[in-house]
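A closer look at the structure
Here are the chains, one letter per residue:
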Amino acid sequence: MALSPLRFAWQDSRGMRRRLALYVSAMALGVAALVAIRSFGINLERAVAEQSKEVFGSDLEVRRSALFPDSTVALLDSLRDETGATVVREATFPSMARFPASAGGEGRARLAQVRALDGPYPLYGQVEATPTTSAGQIGRDTLGALVDATLLLQMDAAVGDSVQVGNRTYAIVGRVDGVPGQTDIGGLVGPRVYLPLAAIDSTLLGFGSRANYTVQYRFPDEAAALGLVRPRLDEAEIRYETAGEQQQQVTEASGYLSRFLSLVGFVALLLGGIGVASSMSVYVSEKAETVATLRCLGVSSGRVLAVYALQALALGFVGAALGAALGVLVQRTLPMVFAGFLPVDVANDVVPRALAEGLGVGLVTALLFALLPLVGVRRVPPLRALRDDARASGPDPARWALAALLVAAVAGFAWLQTRSVVGAAAFVGGTAGVFGLLAVAAVAVRAVVRRTARPGLPWAWRQGLANLHAPGNQTLVLLVTMGLGVFLVLALALVQRSILEQVALPSAEAGAADVVLFDVQPDQRDGVRQLVEAQGLPVVDEVPLVSMRISALDGVPVDTLKEVADSSFAGTEGGPERWTLTREYRSTYRDQTVDSEVVTAGRFEGTAAEDAVVPVSIEQDLAADLGVTLGSRITWDVAGAEIESVVTSLREVDWARVQPNFFAVFPVGPLDQAPQTAILLTRAGTPQASARLQSAVVEAFPNVSAIDVRLVLEVVSRVLDRVAFVLRFMALFAILTGLVVLAGAVRVALAQRTREAVVLRTLGASRAQVRRILLAEYALLGLLAALTGGLLALAGAWGLAHFTFEIPFRPDLTWLAWALVVVPALTAVVGLIGSRGALRQPPLAVLRAEG
Amino acid sequence: MTGPVLSARDLTKTFTNAGRPLTVLEDVSFDVAPGATCAIIGPSGSGKTTLLGLCAGLDRPTRGTVRLAGTDLGPLDEDDRAALRAEHVGFVFQSFRLLPTLTAAENVAIPLELRGESGATAAALDLLDRVGLADRAGHYPTQLSGGEQQRVALARAFSGRPALLFADEPTGNLDTETGARVESLLFDLNREAGTALVVVTHDPELAARCEQVVSLRAGRLVEDDAHADSDRQPSAAA
């Protein structure tokens with residue numbers, strides 16, 4: 001038969017195109033998100049490849065968390081001479097930076113990250129500094145300091161002032177606006193001060209220092225030099241990293257980021273797909289008579305399906321193309337969204353590959369979702385032309401097959417993004433789970449509302465409520481799509497709030513410490529205590545800190561254990577994990593447990609005799625990674641002296657508390673005379689008192705560092721804000737898709753609404769009354785969506801807080817309250833705008849059309 | 001065609017309703033000769049539309065056979081029956097069933113398009129002219145009155161030059177005057193095209209114009225005295 005499905009599809013879509021175009025545009029936002037993220041990801045990869053040297057700063061870097069032994073220094077020097085490399089040496093460590101001229105000459109101080117450099121830093125790229133010439137002074141042997149712009153701003157200092165680090169004072173010769181390879185977020189966490197390595201107060205690098213040392217190389221002939229250097233470093237068991245390896249890591253990390261965000265964008269696409277399926281299903285039911293007539297006239301079922309599939313395909317293409325174009329626009333905003341996270345400058349190039357992928361994924365998704373209801377046209381019996389009640393019965397295997405294909409396609413996409421079967425399964429399971437939960441919650445909320453509906457409600461509201469239960473409505477689909485948007489945004493907000501409260505709360509508790517002074521040397525303890533008390537502040541606690549490493553477990557030397565750990569997959573054979581053997585432990589001693597820890601096994605020993613095996617309490621997760629249990633023996637190396645201990649208790653520690661917590665706690669006695677520093681906790685109460693204290697402490701004891709818990713809170717809050725902004729940006733696509741689906745659904749239901757409105761008006765209802773019914777219906781729908789999404793968000797946020805972050809869940813219900821106001825209002829506005837045609841129709845015209 | 005264009009034998013249709021079998025048509029047999037006119041009459045619920053659906057292959061009988069244009073419908077699947085309809089059958093419905101998104105001319109052209117015939121549009125315009133709607137060819141169904149819509153439906157039914165035309169209460173939705181015009185047109189076209197006509201109707205006058213009457217009551221054929229005249233063919237060949 002030659003009835004051209006293509007031509008008929010075109011003819012049949014007359015008058016429906018605008019309506020169909022609206023719901024297909026539901027796909028557009030998801031495609032836009034995918035195209036934007038993918039383009040951005042590809043541009044980011046290119047930028048990393050092009051700027052890898054600037055990002056890494058050198059061809060090769062050797063790093064160590066303690067001073068290099070003499071033998072290593074000799075080797076590194078000879079490698080430099082042999083290759084003709086240019087070298088930069090660096091020591092990086094946290095220290096207080098005090099600005100004596102700030103606060104009207106009183107001085108202000110805060111903890112900063114000191115980068116002490118020696119050599120022509122940076123080896124690649126350029127430091128952006130003001131004045132520009134000052135960049136050249138970094139790494140030179142002068143007494144000039146360069147300071148991060150953010151730190152100068154915070155401390156109210158400027159170029160020309162001075163900064164005190166340790167016992168030395170440096171002239172601030174420049175303000176650093178940008179350093180290649182460093183992110184703004186990093187600067188937020190630890191603002192940097194650049195000092196000449198040769199002019200550092202050596203006491204800052206002495207006992208108890210947390211300095212990291214690096215030597216960076218730039219080779220005249222990179223390939224040849226690496227060929228020479230690598231085997232020598234490997235042979236000497238010196239750890240190093242090359243720019244190539246670093247580039248690979250950054251590429252992998254940025255790949256993870258863009259793939260994760262692609263999945264979030266894909267959720268928006270799936271939401272759009274649900275919208276398409278639901279609108280198509282209404283469309284198909286409206287087309288049933290046309291289909292039946294065509295069947296009576298002799299058109300085969302396959303041909304009828306082809307007609308509507310072609311319509312869906314064409315509309316899917318329009319939607320995807322629209323989305324791809326939008327994606328190119330959105331992509332231009334992404335570098336701004338991610339500003340602060342990226343160590344490179346990313347271009348805005350249009351990426352044809354990303355466009356093609358977005359189009360393809362969008363088209364396939366649109367078609368699969370549209371076909372779900374469309375295959376039903378095959379089963380419209382021709383008898384339907386004679387009898388309205390003629391229906392196909394029994395399940396349709398084609399629909400099940402399509403659903404399976406859809407799940408497979410989603411899983412396939414997730415696999416492409418995660419390259420992991422578990423990841424893909426988790427995405428499919430998680431998405432299906434959330435959709436399923438939303439559907440269940442939507443059904444439950446609807447049932448509850450129906451039961452609680454009071455006959456005392458005004459007629460318009462009862463009528464609006466009844467419309468939500470009317471057969472053939474799209475309540476469930478709308479609750480799921482809009483509810484998901486509410487869920488995403490609210491869950492993020494609620495978790496963010498809980499994390500902040502977790503940090504904020506201890507400092508808000510009466511008497512809790514809000515300033516932590518650390519690196520206090522034994523001979524400074526009395527002085528620091530007196531200084532704190534002289535400011536009228538209480539000493540809340542003093543905690544001794546002893547640095548140590550593990551030298552043997554149950555008599556087996558740590559070197560042997562390391563070899564075992566290296567030769568097997570960590571943890572799979574029950575041996576200790578490598579990190580537990582190589583790290584430096586900062587332990588304490590005291591006679592009792594504190595309120596942030598609970599003994600879960602054994603008994604905490606508070607005192608011990610000096611000559612006996614020392615009882616020690618180990619944090620339970622560390623115990624698992626170390627493979628020790630009660631009764632295990634651990635030999636510690638404390639500044640060269642060996643201390644034999646036996647595990648007598650295990651503790652569960654609440655690490656989220658801003659207070660000193662420890663992996664290993666010793667009893668009072670055995671470590672009293674060991675080399676140690678102390679942490680002193682006090683409560684300043686106000687930011688002013690805290691600033692005064694910090695400045696005074698640093699002036700008197702330059703090596704002592706201070707952390708203001710409020711500052712930590714502020715930094716955490718700002719970092720979380722930036723992360724949340726990115727996630728919300730992606731969630732926005734889901735919300736907008738929800739609104740487009742809503743607009744589409746309103747448009748699809750317009751014919752039905754018009755018929756209802758006409759009947760009501762024929763019976764004497766005023767336009768205002770009909771409008772009130774519509775207002776009630778859509779406002780209620782929005783309210784239910786907000787409730788559904790909100791309830792699930794509460795549950796989800798609780799789960800995240802409880803299981804992932806392991807913090808108490810303290811929801812801020814004002815967010816929920818906002819959702820309950822804003823979502824119904826938005827829904828009502830979209831609903832009323834979409835339905836205004838129903839009010840405009842004169843009843844007579846509609847009744848005549850019905851005849 | 002030498003044999004009957006439609007031959008129904010022992011047609012029985014049983015539905016299951018709330019677990020109980022309900023027979024709406026029982027042992028109905030009749031033939032329609034090429035070019036003949038046949039009315040199916042009976043009170044509401046007597047099984048008229050069910051019988052029409054079975055004869056046109058829109059539904060399958062529980063028992064019995066239907067031969068349409070010499071082909072037994074029994075072994076044919078849904079798509080084969082659709083192809084057979086496209087080749088030999090025309091339809092006129094009580095509620096016209098024009099496709100709302102197609103113009104009058106495009107609606108009329110569908111059967112020709114289905115056969116892949118060239119000149120479908122010209123033929124459609126001819127037929128619209130024949131039913132007096134040449135000037136309405138570009139109008140959509142909603143822009144036409146009920147009588148005009150049914151005339152378009154008639155033009156569509158005849159455009160494929162079917163051997164057999166099924167009409168389901170063709171004048172049921174029209175006023176008397178318009179109904180009479182449509183009725184005349186139906187018989188005129190039937191005569192001119194040599195198409196056999198099977199019409200389901202409540203209208204005794206319309207039934208009286210048919211050469212043959214199949215009268216149903218409670219799903220069974222009954223003798224209808226009014227049509228048992230010697231100059232007419234037997235109402236049923238049971």
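Residues numbered from 1 in each chain as written. Chains lettered and ligands numbered in written order. Predicted model: local features only at pLDDT ≥ 70, side-chain atom pairs only at ≥ 80, totals over all residues. Heavy atoms only, no water.

**Quick look at the overall build of chain A**
Tallying secondary structure elements over chain A gives 26 helices and 21 strands in all. Going through the 851 residues of chain A one by one, you find that 51% of them count as buried. For chain A, contacts bridging at least 24 residues in sequence account for 82% of all contacts bridging at least 6. As presented, chain A carries roughly 36,600 Å² of accessible surface, and 59% of it is formed by carbon and sulfur atoms. (Helix = DSSP H or I, 4+ residues; strand = E, 2+ residues; numbered from the N terminus. Buried < 20%, exposed > 50% of the residue type's maximum accessible area, 1.4 Å probe, protein only. Contact = heavy atoms within 4.5 Å. Areas by Shrake-Rupley, 256 points an atom, 1.4 Å probe, with all protein chains shown as cover.)

**Observations regarding the packing of aromatic side chains**
All names here are of chain A. One pass over the full model with this rule turns up 10 aromatic pairs over all chains. For the ring pair Tyr217 and Phe219, a centre distance of 5.6 Å and an interplane angle of 15 degrees mean the geometry is stacked. Each member of the pair, Tyr217 as well as Phe219, carries the same accessibility label: buried. On the basis of an interplanar angle of 75 degrees and a centroid distance of 6.2 Å, the ring pair of Tyr585 and Phe663 is categorised as edge-to-face. Highlighted residues: Tyr585 in strand β14 (residues 585–589) and Phe663 in the loop between β18 (641–653) and β19 (664–666), separated in sequence by 78 residues. The class for Tyr585 is buried, based on a relative accessible area of 1%. An aromatic cluster is built from Trp579, Tyr585, Trp636, Phe663 and Phe666, whose rings are joined through pairwise contacts. Here the basic side chain of Arg583 rests over the ring of Tyr585, its NZ or CZ set 5.2 Å away from the ring centre. (Phe/Tyr/Trp six-rings, centres within 6.5 Å; stacked < 30°, edge-to-face > 60°. Lys NZ or Arg CZ within 6 Å of the ring centre and 35° of its normal.)

**Quick word on the interface of chain B and chain A**
It is common to report an interface's size as the accessible area lost on association of the parts. On the chain A side, the residues contacting the 28 residues of chain B number 28 residues. Buried surface at the junction of chain B and chain A, summed over both partners, amounts to about 2,600 Å²; 61% is from carbon and sulfur atoms. A per-residue breakdown of the area chain B buries against chain A is headed by Arg97, Thr101 and Leu114 of chain B, which together make up 25% of the total. Notably, a salt bridge pairs Asp79 of chain B with Arg295 of chain A, separated by 3.7 Å at the nearest N-O pair. Taken together, the links from chain B to chain A amount to five residue pairs in polar contact (both at pLDDT 80 or more). Contributions of two or more residues to the side of chain B that touches chain A are made by α1 (48–55), α2 (78–88) and α3 (104–115) of chain B. With six residues, α2 of chain B is the single largest residue contributor to the side of chain B that touches chain A. In the side of chain B that touches chain A, the residues fall into 13 nonpolar, six polar and nine charged. (Buried area = accessible area lost by both parts, 1.4 Å probe. Salt bridge = Lys/Arg side-chain N within 4 Å of Asp/Glu carboxyl O. Polar contact = N/O pair within 3.5 Å; in protein donor to acceptor, adjacent residues only side chain to side chain. Nonpolar A, V, L, I, M, F, W, Y, C, P; charged D, E, K, R; others polar.)

**A look at the environment of Leu334 of chain A**
Inspection of the secondary structure puts Leu334 of chain A in helix α11 (residues 334–337). If near-sequence neighbours (up to four positions away) are discounted, Leu334 of chain A is found in contact with Ala36, Ile37, Phe40 and Phe729 of chain A.

**What to know about the packing of α3 of chain B against helix α4 (residues 120–130) of chain B**
Residues and elements named next belong to chain B. Direction vectors running N to C along α3 and α4 enclose 120 degrees, while the axes themselves pass 8 Å from each other. Considering the angle they form, α3 stands oblique to α4. With respect to the hand of their crossing, α3 and α4 are arranged in right-handed fashion. Contacts from Ala104, Ala105, Val108, Ala109, Leu112 and Glu113 of α3 reach α4 at Ala120, Ala123, Ala124, Leu125, Leu127 and Leu128. (Axes fitted to C-alpha atoms, helices over the stretch in contact; angles between N-to-C directions. Parallel < 35°, antiparallel > 145°, perpendicular 65-115°, else oblique. Left-handed = near helix turned anticlockwise from the far one by under 90°.)

**A word on the confidence of the model for chain A**
Mean pLDDT for chain A: 82, with 90% of residues reaching 70 or above. Scored below 50 in pLDDT, residues 846–851 of chain A shows six contacts in the model against residues more than four places distant or in partner chains. (pLDDT = per-residue confidence, 0-100.)

**Describing the pattern of salt bridges**
All names here are of chain A. Tallied over the full model, the rule gives 33 salt bridges over all chains. One salt bridge in this structure joins Glu357 and Arg38, with 2.6 Å as the shortest N-O distance. A residue pair is termed long-range when its members are at least 10 positions apart, and Glu357 in helix α12 (residues 352–374) and Arg38 in helix α2 (residues 17–50) qualify at 319 residues. Here Glu357 falls in the partly exposed class, since its relative accessible area comes to 32%. The exposure class assigned to Arg38 is partly exposed, which follows from its relative accessible area of 22%. Linking Arg529 and Asp526 is a salt bridge whose minimum nitrogen-to-oxygen distance equals 3.1 Å. Here the residue Arg529 and the residue Asp526 both occupy positions in helix α17 (residues 525–534), the gap between them amounting to three residues, near one helical turn. Residue class for Asp526 comes out partly exposed when judged on its relative accessible area of 45%. Each member of the salt-bridge network shares a partner with another, and the members are Asp77, Arg80, Asp81 and Arg89.

**Digging into a nonpolar patch on the surface**
Residue and element names in this part refer to chain A. On the surface, Trp818, Val821, Val822 and Leu826 cluster together into a nonpolar patch covering about 400 Å² of accessible area. Positionally, Leu826 belongs in helix α25 (residues 813–840). Assessed through its relative accessible area of 38%, Leu826 is described here as partly exposed. (Patch = residues over 30% accessible without salt bridge, like charges linked within 9 Å, V, L, I, M, F, W, Y side chains within 5 Å.)

**So, the layout of surface pockets**
All names here are of chain A. Put simply, the second largest pocket is a space of about 1,300 Å³. If you go around the second largest pocket, you meet 39 residues; those closest to its centre are Arg64, Ser65, Ala66, Arg549 and Thr582. Of all the elements in the fold, those that place two or more residues in the lining of the second largest pocket are β1 (60–64), β9 (212–218), β12 (539–553), α18 (558–567) and α19 (578–582). For the lining of the second largest pocket, the element with the most residues is β12, which contributes five residues. A breakdown of the residues in the lining of the second largest pocket according to their chemical character gives 17 nonpolar, 10 polar and 12 charged. (1 Å grid on protein atoms, 1.4 Å probe; cavity = no way out; pocket = protein on both sides within 12 Å on 5 of 7 lines; lining within 4 Å. Points joined across faces, edges and corners; volume = space filled by probe spheres on them.)

**Considering the pairing of strand β17 (residues 633–638) of chain A**
All names here are of chain A. Pairing of β12 with β17, which is carried by four bridges, proceeds in the antiparallel orientation. Opposite Arg549, over in β17, you have Asp637 as the bridge partner. As judged from the six bridges shared by β17 and β18, these two strands associate in the antiparallel manner. Paired with Thr635 across the strands is Glu644, a residue of β18. (Pairing = 2+ DSSP bridges.)

**Some thoughts on empty space enclosed by the protein**
Residues and elements named next belong to chain B. In this structure the tally under the stated criterion is four cavities of 30 Å³ or more. Here the largest cavity is characterised by a volume of approximately 80 Å³. Lining the largest cavity are 13 residues, and of these Ala86, Val89, Gly90, Pro111 and Gly160 lie nearest its centre. Put simply, the parts of the chain that give the lining of the largest cavity at least two residues each are α2, β6 (89–92), α3 and α5 (146–159). In terms of residue class, the lining of the largest cavity is made up of eight nonpolar, two polar and three charged.

**Things to note about the sheet that holds strand β7 (residues 164–168) of chain B**
All names here are of chain B. With respect to topology, six strands assemble into an open sheet ordered β6-β7-β8-β3-β9-β10, the strand pairing being mixed. Here the strands that pair on one side only, and so sit at the sheet edges, are β6 and β10 (220–222). The mean inter-strand angle of the sheet, taken between neighbouring strand axes irrespective of direction, is 25 degrees. Sitting on the sheet, helix α6 (residues 176–193) touches β3 (37–41), β7 and β8 (196–200), and the angle it makes with β8 is about 155 degrees.

**As for the pairing of strand β11 (residues 515–520) of chain A**
All names here are of chain A. Along β11, six of the six residues are buried, which leaves the element largely enclosed by surrounding structure. Taken together, the four bridges between β11 and strand β20 (residues 677–682) define a ladder with antiparallel strand orientation. Within the sheet, the bridge partner assigned to Val516 lies in β20 and is Leu681. In terms of strand pairing, β11 meets strand β21 (residues 705–708) through four bridges, oriented antiparallel. Each bridged residue has a counterpart across the sheet, and for Phe518 the counterpart in β21 is Ser705.

**With respect to the sheet that holds strand β1 (residues 6–17) of chain B**
Residues and elements named next belong to chain B. The strand order across the open sheet formed by four strands is β2-β1-β4-β5, and the pairing between neighbours is antiparallel. Of all the strands in the sheet, just β2 (20–32) and β5 (71–72) have a single pairing partner and so form its edges. Strand direction decides the pairing type here: β1 and strand β4 (residues 63–68), joined by five bridges, are antiparallel. Its bridge partner being in β4, Arg9 is matched across the sheet by Thr65. Along the sheet, α1 makes contact with β1, β2 and β4, crossing β2 at roughly 60 degrees.

**A look at helix α4 (residues 70–83) of chain A**
Residues and elements named next belong to chain A. Between its first and last C-alpha, α4 extends 20 Å over 14 residues, near the 20 Å set by a 1.5 Å rise per residue. Those residues of α4 that are buried lie in contact with β1, β9 and α7 (222–235). Trailing α4 by a residue or two, Gly84 shows a phi angle of about 70 degrees, which is positive. (Expected span 1.5 Å × (residues − 1).)

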